[in-house]
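# Per-entry structural report
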Amino acid sequence: MSEVIKNYIVRENEDYIVNMGPQHPSTHGVLRLELVLSGETVKQVVPHIGYIHRGIEKMCEYDTYKQIVHLTDRMDYLSAHINNEAVCLLVENALEIEVPERVKYIRVVLDELTRIASHQLWWSAYGMDLGALTAFFYGMRDREKILDIFEESFGSRLLHSFNTPGGLMHDVHPNFQKHAMEFVKYFRKKLPEYKQLLTDNVIFRNRTQGIGVMSRETAIAYGVTGPSGRGSGFSCDVRKIAPYGVYDQLEFEQILYEQGDSFARYMVRMKEMEQSLNIIEQAVDKITDGPFTAKVKPIIKLPEGEYYQRVETARGELGVYVVSDGKKFPYRVRFRSPNFSNLFVLNTIARGHLIADLVAISGSLDLVIPDIDR
Amino acid sequence: MNDHIYDFSQLTRHIDESLRAAMSPTWAVVVELVIIGLVFLTFYALLGLFLVYAERKVCALMQNRIGPNRVGKWGLLQTIADLLKLLTKELVYIERADKFLFNLAPFIVIIASFMAIAAIPFAKGLQAIDLNIGIFYIIAVTSVGVIGILIGGWASNSKYSLIGAMRSGAQVISYELSVGLSLLSVVIFSGSMQLSEIIRSQADGWWIFKGHIPAFIAFLIYLVAATAEINRGPFDLAEAESELTAGFHTEYSGIKFAFFFLAEYINMFIVASIATTMFLGGWLPLHIDHWAAFNRVMDYIPSIVWFFAKTFFIIYVIMWFKWTFPRLRIDQLLTLEWKYLLPLNLINTIVIAFIVMMGWHF
Amino acid sequence: MSGIIKYFADILHGLKTLWAGMRITGKYFVSPGEIVTEQYPEIRHKKQIVSDRFKGEVIMPHDENNQHNCTGCGVCELNCPNGSIEIITKRIPDENGKMVRVIDKHIYHLSMCTFCGLCIKVCPTQALAWGQEFEHAVYDRTKLTKVLNKPGSSYKGLSSKKKEAKS
């Protein structure tokens, strides 16, 4: 506790206070960071959140379980599919619905495609944060291929409310498997470019290595999960520690880096993209013919009680907590969103660095603001 | 040698004589000054517009895009449309800003680049003033621009602007040293500060070839330092749009912003043309020893084409830097200057002095 | 001494990595075949730019007799999470003189729609479908409120009922 208080030092008169945001190019959304500067050195970062609060948790209390799914898209819009899956898995587990094998493997493929797409966008934006503007276009160019697969199958590119409790809204496009494999082949060829353009670049390395070091203790204390936590050696991949879907039947590694700096967090994501490609390759072959959804009643009513389901989104652990009173609407819904925890570690790890480093650190945490505010 | 290259001084002499025949000598000088001023103003504006267009095209091609392609053929009129937009935009007045300095800053920046352009030899005999300390003069006036940036950042009464301006000040003052020292190496080689004299000394080979490896190192250092001095990526810390939104010109709008913008591109042209003049033989054609026929063919290309070809090549390299590399941090920027470029440059200068003393260069 | 070697090795290594990056951008600079830009208004007429399943808007397909499948049951209205659909029904007499409830207006607020697709999924008679129109920009937002059943249209099932009754 005393450490927490120490983190929020009392301001002095000569402090130079700068508001970064809510409209700022590198906060990637309407996040306001109140910086206390001394020269260019950041003495304190106070995040102010709530600019894009929409009350999703409250709205969920007036929606049926099927309707909740489309709201979760709007939290972490870059891992929309995975968010959907969290709610679907919760309902399926609560009602003990047996989901067809086909659906499970399609979901895994889509999860990993979403994860790659999200990491690509992060890579693009991170390059832009650090001033490498061309990286942005290369990342977006490759992400477009995934979005085309999404559009072909679900008709939307970003917010595809494609999951529904019990299965999928409709079947995937017949070309889905072929195009997914084509993408894997295409992206394997493009990944070395990412390495040459940014990863190996001496300026990039100097900008990220040793910047914003987060110890494993800090990561656990703040609940930093996802690639950001794994960059500090915090083994927190839900796909490994609490497998859902068919992740326990697939071979992949949990990427762990011990350094805990921005570069470690960067490398975790780069390696995760490769792992995701491996998972897609394995899972695509196992997509069998079969129904795309299980039989589910038109109106879902969860038995009275509390339910919790967690999944690994592209940014960390998303937990869905539902209290049901046996009616068709949930009594209370709460989302444990990864970005909320990941944001608030910023003050601890960014203090003492320069403004430019703050941008590098907040970029390496890969924040999506609507997920923080919900 | 090079006698058959068209000498622009014939043209200027002809104009001078006809003017003197038509009016009194005083008036002739006044008219000549007006003509030179108008020519440079037009050139300045057209060059600025073209460079903005070129930059957008170059970066677009590097990023797998087409770039401007809507206004005019291949989007050639895009920058003119942008300029018209900037001209008609409202000039935002900042509360509690120092109004006089705020308005003055863009003019200082643009005048500095305008003054520098006067001493550049564009072609054989095409140079407004051939000062005997030409390169010294250019270095001196280009450094005035940073005062405009500092004033602009200070007078804006904005925190981001002030940080940007301060960064710019620290950056330009440091990198002046490297620019000066690397140019000094060529001055040692050629034994003159007069730009026409420096070009003449390269008639039998450009300094980048004649000066062995030290000249090449000096050229590289000049490219890096010059990129830093004109506040371009990867050294665009003064703007750093991901950190400081737009740096020192955050609060400027309309034509005042356009002045900063234009000056940035003209500065790029100036440093590129200095590199051309000092290292790449200015307007001299490419000659290779003993290849008489080849040299002959090269001579038929007008000198002005040679100058602009070399300059735009350097500009392309500077753009290439910007669109590839991430931005440096302010302390890394200063480390690069004081721990790498400056010591290397000092050693390099001594080596060059030694080479010249022993007469080892070609 | 080793310090000096490291100093120069660092410089060389740095230059090498910088050159690696410049090679990438340089390669794309000279390969115009890799350009991915799609010139939007022109491409619209040249090829299909959205997939067949694209969720542009909710439409109600009508056949050549200006008939649709909507019974006006209101399940879509119930399932819509944001109230984008309003069903207005009316009662008309069939040929037996019995009053039956049919759709009068199927009102669809495009401005409120989140394209979740629940209305289309739950429709018992497959009366709704996705339309591929995506250029929805209008100057007046009241234009985004649409009536999906065309004027004068009728329920397909009603006429078949009539036919059954006749035969």
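Everything quoted here is computed from the prediction, not taken from an experiment.

## Re the side chain of E229(B)
Residue and element names in this part refer to chain B.
- As for its placement among the helices and strands, E229 is situated in helix α10 (residues 212-229).
- Salt bridges are absent for the buried E229, whose nearest opposite-charge side chain, R232, sits at 13 Å.
- When neighbours within four sequence positions are excluded, E229 is seen to be in contact with T142, V172, Y175, E176 and V179.

## As for the sheet that holds strand β2 (residues 32-38) of chain A
Residues and elements named next belong to chain A.
- Strands sit in the order β1-β2-β3 across an open sheet of three strands; the sheet is antiparallel. Both outer strands of the open sheet, β1 (16-20) and β3 (41-48), are each paired with one neighbouring strand and no more. Averaged over all neighbouring strand pairs, the angle between strand axes comes to 25 degrees, with direction disregarded.
- Here seven bridges tie β2 to β3, and the two strands are oriented antiparallel to one another.

## What about the interface of chain C and chain B?
- Across the boundary between the two partners, chain C contributes 20 residues, which contact 18 residues of chain B.
- Buried surface at the junction of chain C and chain B, both sides included, amounts to about 1700 Å², of which 67% is carbon and sulfur.
- If you sort the residues of chain C by the area they bury against chain B, Y7(C), M22(C) and F29(C) come out on top, with a joint share of 35%.
- Taken together, the links from chain C to chain B amount to zero salt bridges.
- Summed over the shared surface of chain C and chain B, the number is eight residue pairs in polar contact (both at pLDDT 80 or more).
- Of all the secondary structure elements, the ones that give two or more residues to the side of chain C that touches chain B are α1 (2-29) and α2 (40-46) of chain C.
- For the side of chain C that touches chain B, the element with the highest residue contribution is α1(C), accounting for 12 residues.
- In terms of residue class, the side of chain C that touches chain B is made up of 12 nonpolar, five polar and three charged.

## Topic: the domain arrangement of chain B
Residue and element names in this part refer to chain B.
- By domain assignment, chain B separates into domain 1 (8-71) and domain 2 (89-358).
- Taking the mean C-alpha position of each, domain 1 and domain 2 sit 19 Å from one another.
- Across the boundary between the two partners, domain 1 contributes 19 residues, which contact 28 residues of domain 2.
- Contact between domain 1 and domain 2 buries roughly 2000 Å² in total, counting both sides, with carbon and sulfur atoms accounting for 83%.
- When the area that domain 1 buries against domain 2 is broken down by residue, the three leading residues are F8, Y44 and E55, summing to 36%.
- Scanning the region where domain 1 abuts domain 2 turns up one salt bridge.
- The residue E55 makes a salt bridge to R232 at a minimum N-O spacing of 2.9 Å.
- Elements with a contribution of two residues or more to the side of domain 1 that touches domain 2: α1 (8-22) and α2 (25-62).
- Sorting elements by how many residues they give to the side of domain 1 that touches domain 2 places α2 first, with 16 residues.
- Looking at side-chain class alone, the side of domain 1 that touches domain 2 contains 15 nonpolar, three polar and one charged residues.

About the cut-offs
Residues numbered from 1 in each chain as written. Chains lettered and ligands numbered in written order. Predicted model: local features only at pLDDT ≥ 70, side-chain atom pairs only at ≥ 80, totals over all residues. Heavy atoms only, no water. Helix = DSSP H or I, 4+ residues; strand = E, 2+ residues; numbered from the N terminus. Buried < 20%, exposed > 50% of the residue type's maximum accessible area, 1.4 Å probe, protein only. Lys, Arg positive; Asp, Glu negative; His and termini not counted. Salt bridge = Lys/Arg side-chain N within 4 Å of Asp/Glu carboxyl O. Contact = heavy atoms within 4.5 Å. Pairing = 2+ DSSP bridges. Axes fitted to C-alpha atoms, helices over the stretch in contact; angles between N-to-C directions. Buried area = accessible area lost by both parts, 1.4 Å probe. Polar contact = N/O pair within 3.5 Å; in protein donor to acceptor, adjacent residues only side chain to side chain. Nonpolar A, V, L, I, M, F, W, Y, C, P; charged D, E, K, R; others polar. Domains from an automatic or database assignment.

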